[in-house]
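# A look at the structure
Letter by letter, the chains look like this.
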Amino acid sequence: MSLPKSVLVTFALALVACVVYGQNQSQVSSSCMGCICEASSNCNSTLGCSTPYPGGYFCGPFLISFAYWTDAGKPVLQHDNPEKKGAFENCVTDLYCAADTLRRYMKKFSSNQNRSDCNNDGVIDCVDFAYMHLLGGYGCKDPSIVTTDYFTKFQTCWNVVNSAKPSS
């Protein structure tokens, strides 16, 4: 990894950590969230919504779909209404609300060990959250995910994060 890329990854992780600092982290660490954000969009916090294929509609730095947001309980910005037109886009294009959406989604889908151990290693961890984020909480066990650009970016980021952790 070149120095500029590692600086960008570190910045993305710091940005997400700042956004979620002081919140109940549930089960998704800020480092994990940062790597999922990096893998999704290079953690582009100015990203709007796009339709990459017919029927697909993804928004914000985590590229969250309407169904994902709905499964997460339709979190909204303060004083917004989840049933109001535009509430989905307003939330998932805001880094704080998008991070809350991801955290809620993972909390919902990580409660069942058999369903949420996506890579079948016996542990539910950030790698499983990365699988769930891309493949969905209802069917995250597709091993071909490791061949995607998304997973390559995630794994590179996660390796950097883990190599920076002090050894015990």
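Quick note: structure is the one above.
About the thresholds
Residues numbered from 1 in each chain as written. Predicted model: local features only at pLDDT ≥ 70, side-chain atom pairs only at ≥ 80, totals over all residues. Heavy atoms only, no water. Phe/Tyr/Trp six-rings, centres within 6.5 Å; stacked < 30°, edge-to-face > 60°. Helix = DSSP H or I, 4+ residues; strand = E, 2+ residues; numbered from the N terminus. Buried < 20%, exposed > 50% of the residue type's maximum accessible area, 1.4 Å probe, protein only. Axes fitted to C-alpha atoms, helices over the stretch in contact; angles between N-to-C directions. Left-handed = near helix turned anticlockwise from the far one by under 90°. Contact = heavy atoms within 4.5 Å. Disulfide = S-S within 2.5 Å. Pairing = 2+ DSSP bridges.

### Quick notes on the packing of aromatic side chains
For the coordinates displayed, the defined rule picks out 11 aromatic pairs. Here the aromatic rings of Phe-66 and Phe-88 are separated by 5.5 Å at their centres, their planes lie at 75°, and the arrangement is edge-to-face. Of the two residues, Phe-66 sits in helix H3 (residues 66–71) while Phe-88 sits in helix H4 (residues 87–92), which places them 22 residues apart along the sequence. Look at Phe-66 and you get partly exposed, because its relative accessible area is 43%. Residue Phe-88 is classed as buried on the basis of its relative accessible area, which comes to 3%.

### What to know about the packing of helix H2 (residues 30–41) against helix H7 (residues 126–135)
Relative orientation of the contacting elements H2 and H7 amounts to 35°, with a least axis distance of 10 Å. For the element pair H2 and H7, the recorded crossing hand is right-handed. Of H7, the residues touching H2 (which contributes Cys-32, Ile-36 and Ser-40) are Cys-126, Phe-129, Ala-130 and His-133.

### A closer look at the state of the cysteines
Scanning the entire structure with this criterion turns up six disulfides. In this model Cys-91 forms its disulfide with Cys-97; the gap between the sulfur atoms is 2.1 Å. With the S-S dihedral at roughly -95°, the linkage between Cys-91 and Cys-97 falls on the left-handed side. By relative accessible area, which is 2% here, Cys-97 ends up buried. Sulfur-sulfur distance for the disulfide between Cys-118 and Cys-140 comes to 1.9 Å. Linking Cys-118 and Cys-140, the disulfide has an S-S dihedral of approximately -90° and is accordingly described as left-handed. Highlighted residues: Cys-118 in the loop between helix H6 (113–116) and H7 and Cys-140 in the loop between H7 and helix H8 (149–164), separated in sequence by 22 residues. Sequence-ordered numbering of the bonded cysteines in the chain gives a disulfide pattern of 1-10, 2-12, 3-4, 5-6, 7-8, 9-11.

### Here's the deal with the sheet that holds strand S1 (residues 49–50)
Sheet strands pair via backbone hydrogen bonds, and the direction of the pair is either parallel or antiparallel. In space, the three strands of this open sheet follow the order S1-S2-S3, with antiparallel pairing throughout. Two strands bound the open sheet, and with one partner strand each, they are S1 and strand S3 (64–65). Bridge count for strand S2 (residues 58–59) against S3 is two bridges, and the pairing is antiparallel. Among the inter-strand pairings, Phe-58 is bridged to a residue of S3, identified as Ser-65.

Purely geometric numbers; function is a separate question.
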